Amino acid sequence: MPEITRVGVVGCGLMGSGIAQVAAVAGYDTVVRDVSQPLLDRGRAGILKSLGRMVDKGTITSEARDASLGRLRFVTELTELKDRDIIVEAVTEDLDLKNGIWRELDRACPPETMFASNTSSLTIGSMAGATRRPDRFVGLHFFNPVPVMPLVEVIRTGATSHETFERAYSFARALGKEPVAATDSPGFIVNLLLVPFLLDAARARERGTASTADIDRAMQLGCGHPMGPLSLMDYIGLDTVVRIADIMVEAYGEDRYDAPALLRRMVSAGHHGRKTGKGFYDYSADPPVPTTSMSEKA
């Protein structure tokens, strides 16, 4: 297989734009696709802001920022990715949506193009089977915020070739990340262990074990976590946490993966965390304050 020099990213949301940014900073010619120009413009604005922070911190020079931006192109058509060496998908955790994208890309791309999904909970095999290249399909699970978090889970299925896995692993390293290998099971390593912890924190809040702030502070000070579990769920998105939990409870049939009623009511009310301005905390305040009424009555 040829050396990876051209990267495609499907999805220009928080994760997709972050993946595109690190690829461009690492020197790759990068094309990002989303379904509309406003979504692309928002993603590009986020990348500009992130790169600006890196310049301010001295992580990169202004010249490197400009060069990185020059390596990025934003498109609305999937067929614009047909010349890419690797394509990383980072869209909503919806298997039908993802597989529709993979089928179209499978038809458009040459056989040597490698496919990778950034899914956090779906199995890679459930997507690879929708293509004619399951041997060239892997998982590359990045963590948010992508430019900052060092970890990438590299997931192989029983059909993934050794060469594909090694190329994906090396690619993650070339992006400046620390890859770890995982087998293809829902949740992989991190979410398999993290999701029950987050759901237990929501259950503790639901039972009135402690206040939102005290649950978070206890885990930060007692366990050395940089962010408390309720804050972390707000950061991830409460709707995303519930979606991942539903996928995992279906896969494993274990109650510990079942999202508590409090969390589901908050999501139904449109309180998804930082992205909607309110979750366990109210982000209209600076600094954010716990939303006591939501936590107790939602």
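Parameters and conventions
- Residues numbered from 1 in each chain as written.
- Predicted model: local features only at pLDDT ≥ 70, side-chain atom pairs only at ≥ 80, totals over all residues.
- Heavy atoms only, no water.
- Helix = DSSP H or I, 4+ residues; strand = E, 2+ residues; numbered from the N terminus.
- Rg over C-alpha atoms; globule rule 2.2 N^0.38 Å.
- Buried < 20%, exposed > 50% of the residue type's maximum accessible area, 1.4 Å probe, protein only.
- Contact = heavy atoms within 4.5 Å.
- Areas by Shrake-Rupley, 256 points an atom, 1.4 Å probe, with all protein chains shown as cover.
- Axes fitted to C-alpha atoms, helices over the stretch in contact; angles between N-to-C directions.
- Parallel < 35°, antiparallel > 145°, perpendicular 65-115°, else oblique.
- Nonpolar A, V, L, I, M, F, W, Y, C, P; charged D, E, K, R; others polar.
- Polar contact = N/O pair within 3.5 Å; in protein donor to acceptor, adjacent residues only side chain to side chain.
- Pairing = 2+ DSSP bridges.

## Remarks on the overall build of the chain
If you tally the helices and strands in the chain, you get 12 helices and 10 strands. For the chain, the C-alpha radius of gyration of 20 Å lies close to 19 Å, the compact-globule estimate for 298 residues. By its C-alpha atoms, the chain is 55 × 45 × 35 Å across when sized along the principal axes. Relative to its 298 residues, the chain shows a buried fraction of 48%. Partitioning the contacts of the chain with sequence separation of at least 6, the portion at a separation of at least 24 is 65%. Surface accessibility of the chain: about 13300 Å² in total, with carbon and sulfur atoms responsible for 53%.

## Some words on the packing of helix 7 (residues 190–207) against helix 11 (residues 261–268)
At their nearest, the axes of helix 7 and helix 11 sit 8 Å apart, and the two run at 90° to each other. In terms of orientation, helix 7 and helix 11 fall into the roughly perpendicular class. Residues Leu-199, Ala-202, Arg-205 and Glu-206 of helix 7 pack against Ala-261, Leu-262, Leu-263 and Arg-265 of helix 11. The residue inventory of the contact of helix 7 with helix 11, partitioned by class, reads five nonpolar, no polar and three charged.

## A closer look at unusual backbone geometry
Cis geometry is found at the peptide bond from Asn-144 to Pro-145, where omega equals 0°. When you line up the elements, Pro-145 lands in the loop between strand 6 (137–142) and strand 7 (151–156). Of note in this structure, Phe-188 is not a glycine but carries a positive phi near 55°. Positionally, Phe-188 belongs in the loop between strand 8 (178–183) and helix 7.

## Description of the side chain of Thr-131
With respect to the helices, strands and loops of the structure, Thr-131 is situated in the loop between helix 5 (125–128) and strand 6. Judged by its relative accessible area of 10%, Thr-131 falls in the buried class. Of the polar contacts made by the side chain of Thr-131, one reaches the backbone oxygen of Ala-128; its length is 2.9 Å. Polar contacts involving the side chain of Thr-131 include one to the main-chain amide nitrogen of Arg-133, which spans 3.2 Å.

## Points about helix 9 (residues 229–236)
Because an α-helix completes one turn every 3.6 residues, residues spaced three or four positions apart along the sequence face the same direction. By the burial criterion, the buried members of helix 9 are Pro-229, Leu-230, Ser-231, Met-233 and Asp-234. The inward-facing, buried residues of helix 9 contact helix 7, helix 8 (212–223), helix 10 (238–252), helix 11 and strand 9 (281–282). At the exit of helix 9 stands Gly-237, carrying a positive phi of roughly 110°.

## Things to note about the sheet that holds strand 5 (residues 114–117)
Taken in spatial order, the eight strands line up as 3-2-1-4-5-6-7-8 in an open sheet, and their pairing is mixed. Each edge of the open sheet is held by one strand with a lone partner, namely strand 3 (72–75) and strand 8. The mean angle between the axes of side-by-side strands here comes to 25°, regardless of whether they run parallel or antiparallel. Direction of pairing for strand 1 (residues 6–10) relative to strand 2 (residues 29–33): parallel, over a ladder of five bridges. Across the sheet, the residue bridging to Val-9 is Val-32, located in strand 2.

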